[in-house]
Structure formats: structure tokens, C-alpha cells
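Observations on the model geometry
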Amino acid sequence: MADNGTSAETILRVTGLRTQFGAQVIHEDLELTIKRGEIIGIVGGSGTGKSVLLRTMVGLIRPAAGQITMLGKDITALNDEARTALQKRIGVLFQDGALFSSLTVAQNIMLPLREHTDLPPALQLEIAEVKIGMVGLPPDAANKYPSELSGGMRKRAGLARALALDPEILFLDEPTAGLDPIGAAAFDQLIGELRRALNLTVVMVTHDLDSLSAICDRIAVLLDKRVRVGTMASLRQDSEPWIHEYFHGPRARAALDHLTTGGEQQ
Amino acid sequence: MSTDAGTAGDIGTVDSQIDGDLWRIVLGGQWTVAAATGIDRALKAMPAISQHRVAIDMAQVSALDTAGAWLVWRTIAALKDQGIEAELISSNPAHTGLIDTVSRNAVPCPEPPRRRNAFVAMIERVGSATFAVLYEARDLLNFLGHVVIVLARSLVQPHRIRLTPLIFHMEQSGLNAVPIVGLISFLIGVVLAFQGAEQLAQFGVEIFTVNIVASGVLREMGVLLTAIMLAGRSGSAFTAQIGTMKVNEEIDAMRTIGLDPMEVLVLPRMWALVICLPLLAFFANMMGLLGGAIMATIALDITFFQFARQLASATTLWTFWIGIIKAPVFGFIIGLVGCYEGLRVSGSAESVGRLTTRSVVESIFLVIILDALFSILFAELGI
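Bear in mind the structure is a predicted one, so any value in this text is a computation, not a measurement.

Rules behind the numbers
- Residues numbered from 1 in each chain as written.
- Chains lettered and ligands numbered in written order.
- Predicted model: local features only at pLDDT ≥ 70, side-chain atom pairs only at ≥ 80, totals over all residues.
- Heavy atoms only, no water.
- Helix = DSSP H or I, 4+ residues; strand = E, 2+ residues; numbered from the N terminus.
- Rg over C-alpha atoms; globule rule 2.2 N^0.38 Å.
- Buried < 20%, exposed > 50% of the residue type's maximum accessible area, 1.4 Å probe, protein only.
- Areas by Shrake-Rupley, 256 points an atom, 1.4 Å probe, with all protein chains shown as cover.
- Lys, Arg positive; Asp, Glu negative; His and termini not counted.
- Charge placed at Lys NZ, Arg CZ, Asp CG, Glu CD.
- Domains from an automatic or database assignment.
- Contact = heavy atoms within 4.5 Å.
- Buried area = accessible area lost by both parts, 1.4 Å probe.
- Nonpolar A, V, L, I, M, F, W, Y, C, P; charged D, E, K, R; others polar.
- 1 Å grid on protein atoms, 1.4 Å probe; cavity = no way out; pocket = protein on both sides within 12 Å on 5 of 7 lines; lining within 4 Å.
- Points joined across faces, edges and corners; volume = space filled by probe spheres on them.
- Pairing = 2+ DSSP bridges.
- Right-handed = clockwise from strand over helix to strand, strands pointing away.
- Polar contact = N/O pair within 3.5 Å; in protein donor to acceptor, adjacent residues only side chain to side chain.
- Axes fitted to C-alpha atoms, helices over the stretch in contact; angles between N-to-C directions.
- Core = buried A, V, L, I, M, F, W, Y, C linked by side-chain atoms within 4.5 Å.
- Parallel < 35°, antiparallel > 145°, perpendicular 65-115°, else oblique.
- Left-handed = near helix turned anticlockwise from the far one by under 90°.

1. Some points on the overall build of chain B
The number of helices and strands found in chain B is 12 helices and five strands. By the compact-globule yardstick of 21 Å for 383 residues, chain B is too spread out, its C-alpha radius of gyration being 36 Å. With 383 residues in all, chain B has 44% of them scored as buried. Summed over its atoms, the accessible surface of chain B is roughly 19,600 Å², and 65% of this surface lies on carbon and sulfur atoms. Here chain B contributes 25 positively and 31 negatively charged side chains, and the mean placements of these two sets differ by 7 Å.

2. Describing the domain arrangement of chain A
Residue and element names in this part refer to chain A. The domains assigned to chain A are domain 1 (10-89 + 167-257) and domain 2 (97-152). Look at where the C-alpha atoms of domain 1 and domain 2 centre, and you get two points 26 Å apart. Listed per partner, the contact involves six residues of domain 1 and five residues of domain 2. Both sides of the domain 1 and domain 2 interface together cover about 450 Å² of buried area, and 80% of this is carbon and sulfur. In terms of surface lost to domain 2, no three residues of domain 1 exceed K88, L190 and L194, which account for 62% of the buried area on that side. A total of three residues in the side of domain 1 that touches domain 2 trace back to one element, the largest contributor, which is helix α6 (residues 181-198). For the side of domain 1 that touches domain 2, the per-class residue count stands at four nonpolar, one polar and one charged.

3. Regarding the layout of surface pockets
Residues and elements named next belong to chain A. Here the largest pocket defines a volume of roughly 550 Å³. Q87, I90, V92, P112 and R161 are, among the 19 residues lining the largest pocket, the residues nearest its centre. Of all elements in the fold, only α2 (80-87), β6 (90-93), α3 (105-116) and α5 (151-162) reach the threshold of two or more residues within the lining of the largest pocket. For the lining of the largest pocket, the element with the highest residue contribution is α3, accounting for four residues. The class makeup of the residues in the lining of the largest pocket is 12 nonpolar, four polar and three charged.

4. Regarding the pairing of strand β5 (residues 86-89) of chain B
All names here are of chain B. Of the pairings in the sheet, the one linking strand β4 (residues 53-64) to β5 comprises four bridges and is parallel in character. What sits directly across from D57, in β5, is I89. Handedness of the crossover is the feature at issue here: the chain leaves β4, passes through helix α2 (residues 66-81), returns alongside β5, and the resulting connection is right-handed.

5. Observations concerning the domain arrangement of chain B
Taken domain by domain, chain B comprises domain 1 (2-105) and domain 2 (129-381). The distance between the C-alpha centroids of domain 1 of chain B and domain 2 of chain B comes to 70 Å.

6. With respect to the interface of chain B and chain A
Each side of the interface is counted separately: chain B has 27 residues, and chain A has 26 residues. When the two sides are added together, the surface that chain B and chain A hide from each other amounts to roughly 2,200 Å², 65% of it contributed by carbon and sulfur. Here chain B and chain A share six residue pairs in polar contact (both at pLDDT 80 or more) between them. Of all the secondary structure elements, the ones that give two or more residues to the side of chain B that touches chain A are α1 (36-44), β4, α2 and α3 (93-105) of chain B. Classifying every residue of the side of chain B that touches chain A gives 16 nonpolar, six polar and five charged.

7. Examining the sheet that holds strand β8 (residues 201-205) of chain A
Residues and elements named next belong to chain A. With respect to topology, six strands assemble into an open sheet ordered β6-β7-β8-β3-β9-β10, the strand pairing being mixed. Of all the strands in the sheet, the pair left with one neighbour each is β6 and β10 (226-230). Averaged over neighbouring strand pairs, the angle between their axes works out to 20 degrees when direction is ignored. Relative to strand β9 (residues 218-223), strand β3 (residues 39-44) runs parallel, the two being bridged by five bridges. Bridge pairing in β9 links I40 to R218.

8. Points about the environment of Q30(B)
All names here are of chain B. Turning to its location among the elements, Q30 is positioned in strand β3 (residues 22-31). Overall, Q30 belongs to the partly exposed group, its relative accessible area being 25%. Measuring from C-alpha to C-alpha, the distance between Q30 and A284 comes to 73 Å, with 254 residues separating the pair along the chain.

9. Remarks on the nonpolar core
Ranked by internal contacts, the top residues of the largest apolar core, which has 84 residues, are L159(A), I219(A), F247(A), V14(B), L27(B) and W31(B). Among the nonpolar cores identified, the runner-up in size contains 50 residues, and M229(B), M254(B), L265(B) and V337(B) belong to it.

10. Topic: the packing of helix α5 (residues 163-174) of chain B against helix α9 (residues 261-300) of chain B
Residue and element names in this part refer to chain B. Viewed as axis vectors pointing N to C, α5 and α9 meet at an angle of 45 degrees, and their least axial separation amounts to 8 Å. Considering their axes alone, α5 and α9 lie oblique with respect to each other. Read as a crossing pair, α5 and α9 show a hand that is right-handed. Of α9, the residues touching α5 (which contributes P165, L166, H169, M170, S173 and G174) are P268, R269, W271, A272, L273, I275, C276 and L280. Among the residues forming the contact of α5 with α9, the class breakdown is 10 nonpolar, three polar and one charged.

11. Side note on the sheet that holds strand β2 (residues 24-35) of chain A
All names here are of chain A. Taken together, the four strands give an open sheet; going across it, the order is β2-β1-β4-β5, and neighbouring strands pair in antiparallel fashion. In this open sheet, the two edge strands, each paired with only one partner strand, are β2 and β5 (73-74). Judged from the eight bridges that link them, strand β1 (residues 10-21) and β2 form a sheet pairing that is antiparallel. Following the sheet pairing, R13 is matched in β2 by T33. Contacts from helix α1 (residues 50-57) reach β1, β2 and β4 (65-70) within the one sheet, and its direction differs from that of β1 by about 120 degrees.

12. Looking at the pairing of β8(A)
Residue and element names in this part refer to chain A. Most of β8 is tucked away: five of the five residues are buried. Residues T201, V203 and V205 point to one face of β8 and V202 and M204 to the other, with burial holding for every one of them. Here four bridges tie β3 to β8, and the two strands are oriented parallel to one another. In the sheet register, I39 faces β8, and the bridge partner there is V202. Across five bridges, strand β7 (residues 169-173) lies against β8 in parallel orientation. Opposite D173, over in β8, you have V205 as the bridge partner. Note that the unit made of β7, α6 and β8 has a crossover that is right-handed.

Listed below in C-alpha cells is the structure:
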């Protein structure tokens, strides 16, 4: 969008968040601030509530307490109309794309346009074609149904749908899980490119250390129902056992080699 | 000519100025998806070009997204097709970058396959549906053969029958169905008695209501309703359970571990239905007669004692057996179709739903066909 210079603007702020299912408390007093234009990765062990945090931020789960201010509005205190208006400004990619199985890829991408704008159908299709190209799908994927696509293609199609309305914030749930290393690297690169081209803010839950080091500006680690936020470099210095294990384990060493050998991240 | 587009707040403008032989298109305001409809209209309404040089000035554009960038690029591309090179004037690298990204990715997708002539499409659909039914019948027959072999083998080697799942499915399909089957049969008994009484009262032979209830319930209704209930309750459950396992790759896992899905999944379900359906049908018969008897007592002043005496004279043991003999066959068919459709699930969760529906429709259809065949058979045999 127009304002790409104001990198300090806060686009999403979570304060005092508590989520719980029954008696089980997932997050307690969680604080997180995300700035416009950054890519932030959310990591954490299994069951620490990474996806729950993402789903809470996009408004699918109601927090038990706390405030989530997105694009200047408290999402827990919105009426339906305002919520829909806000929803148009965010895009969400679910783990397996979550494409509507009865629609073709092109129809999936056109659905938000059809619902939320009065664009003529021809223009809707043209925009869908652009998005299909942008996420790196071949043109002939447009008329295929989700069941005819591979997992990686479904993710790309899901991303194209998430981008249909040119959102300001993009939420990704494990975008590279289940992709081969080449596909995963290409996906990372794609996210980075789209961020640059569209000035997106990206919030992604991931387990993929390569993604974290390649494209994430900051990393939020879920620990003891809270997050600890830092850059890759600062978290690598952290002495907390889990974080240390995470960023210094055998897998981390392989993924982060280039950092220690002098290679610089973008 | 100046055209405002979109609603207040989301305005994108297209302004056209002629400057000698230079045609200057000045874009302004918000060029975003929310304003795209108006911009699209304004661009389409632009007059035809007589100039040879065109400049597109984006200096006043305050916001640009992919939709806006696409509209700019589309205009440039359309001019290019007419042999006119348009110059893009923009000082904002983010804007030119976005237009560049869009231009690289603007590959038209192939048109969706065109819809055929409605008449031809209908003929085609009839044809393919006919073949689908034939193939399905063939595959079901094939599966029937497979099941018969497995069942026969399990009779010779009873240790192949897994007791725990068998008991589990007997409980699920048999025991748990008792209340609903009983209630429905009871009500059908009531209805038969009431309808029969109304007709027979015209001739003053209300007592024959008992014959109607007895032969109606014992020969047909008891077992048929039980079978239909189980097709809806258990046949569909079988398809959904096995289908979900198929989607989960559990069936494949079983094969790799060396378990035969036919033996582990199909066999206990088939046996459970073959055993339970006669038992349930017996229960249904009793409840149907009870319903008829209660209705007769209340509405016709036929006492329980009279009802029983008339019942004994109106029925033979065969009346009862004719109903019960059909039950295991119906159970077999319901289990067969339920398991067969479940194993046919492939790929998505959507196909589980589709095949579950199909399993219920198919098994009820087959049960009624078989019932008709049984009627003909018994008529020929004279019982």
C-alpha cells in the first residue's frame, strides 16, 4: 500500500491475552507487538498453543481475557459489520490450504472478491489470474479442483485466495510443513517477494528453521504460556534451556550454518 | 474528462489530457480493489486514441494494490496491442515494482471447458449413469464373491472370526437399535390395526383385523422395517467408519502389517448384521403384534384373550418363519453394501459423505427388491 516508509507503526498488539479450554490454560498474560512490514515467526514445542495463538489473532477463538488490537481496532469488541470489514484486511492461509473442495482454484480465489466487492466477473477473473501467477501456480491450475492438486499446489492456491483482497496482514499456519525442501525454499522466497511487492506484514507459525532464518525478521518463542520475542541472533544467545536447544540442536546447526560462517540474512 | 470512481474514501480517478500529439492519462487517488469497479468503468469509457504518444502519469496515486496495478498494466498492454508505446511516469518505486510484479505474472489462464449443448449433455449423462450402474453392479457382485469366500472360510475356521469386534458390532448394530426398532414396529402395529379395523367394520368382521395385523407384521412389516432401520443406522455407519479409515490410510497400514481388511473389518460387521437382524426382526414382530393388540383392545373392544385366540387360528408357524427367514439375507445385503461402499472411498473426506448416502439408498433399494423376489418365491411355493 502507499505507506511503506513508516516501519515503526504497530499493526497488531496483543496485551494480557489469556486463552483457555475448560480448565486448561493455554496462554496467560501474553504480550506481543507486531509492526507493519515485518515477518514474524511463531515457534514453540508441540502443544504450546502456536496455532491457538494464530487462530485467536484472526478471531476464530475468543480469548478468555486480554486485548487484541489489529489495525487500530480491538477485535474482541467489534460488532459483526466492523469485524467483516476488518477481516477483509487480513488474509489467512491454513495448513493444508483449506480450499473449498467444490470450487475450482480460480473460483476459490474469486470468492472473496465476489463476496466483498462489486467487481465485474471479467475483472475478478483477471485479478485471480494475476494472483495465480504471483503465487507461482501454472495457468492450467485455474480450472482444477483442489483434489486434483498436490499438497504444495494447494498451499499456493490457498495463499492466492488469502491474497485475493490484498490484505495488509497475512497469517500463515505452518506454510512449509509437508513440502519438499526445494518447494519449501521456493515458498519462503515467495513470501519474501510478496512482502516486498505488497508491503505485507506476515505472521507465521512454523517449525521450519530454514524459514525462520531465511525470511523472518523476528521470532516469537512460546514458552510457559507467554512469548519471548527476539531476532534470530538474540535468541541464539538466550540461555533458556528450550530456546537454547531449539537454536543449537543438530537441526538448527545445519540450518543456521550460514549465519556463523558470515552469510547474512536478507 | 474526469471521472470519479468508487465511493467516498476509496476513490480512484482517471483524467485524460491531450497535449499536442501527446495523450496524457493522469491517474489519481486510491487504486485499490475497493475502487477497482469504478476505475474499470472509467478506463473502458475512455475515448479512442488518435495520438501516437501516450504517457500514464501516476504521480497523484496515493495507494496502489495488485488490483490497481493490474488495471494500469492492462491499459498499457491494450495500448501496446494497438501499436502504441505508453510511457509510465511514477516516482514511487513501490508502485513501479508492483506493476512490474503484476506484469510478470499476468498470464491468462486457459478457459474453463465449455459446457456442451444441453441435450447432448443430458444424453451423455444418461449414458454415463447407465454404465456407472452396470460397473457398480459388476463390482458389487465381485465383492459379494470375495465376501462369500471369506465368510465360508470363517465357517470352516471359526478362529478367524474376531470375537471382540463381532461383539462390539453386535452391540452397536443390534442391541443399541432395540429401542428405535421396537418403537417403530409398535406404531406400525397400531396403524395396521386402526386401518384394518376401519375397513373391516363396514362388513362387521372387525375380528379379522387380527389377521391383517398378524400377517402384515409377521410376513412383511416387522422384518422390512427392521432392515430399513438398520440400513440407515448401521449400513451408513459401516460406510462412514471404513471410509474414514480409508482416507486415513489405515486400511493400507493394515495391509502392510499383514492384516486382511476383509477379515478384520468386513467379516465382523457382516456377521454382526446376519446374527442381529433376525433377532431384531423377532423383537419387531412381537412389538408390532403388541401394538396391534393394544389398538384392538382400545378401539375395537377385542380383548387380549380374543386377540390371542384369533392370532393362533389366523397364523401358522410358516407365517412367522416367512418373515424371519428373510432377515439374515437382508442383514447380509446391508452389511455387504455398507462395507463395499466404505472400501470404495478414495481421497477426500467429501467422498465419505457421498458414498455413505449412496450406501443407504442402495441397501434399502436392494432390500426391497429382495423382498419382492421373496414374495414371488413364497407364492410359487404356495406358503
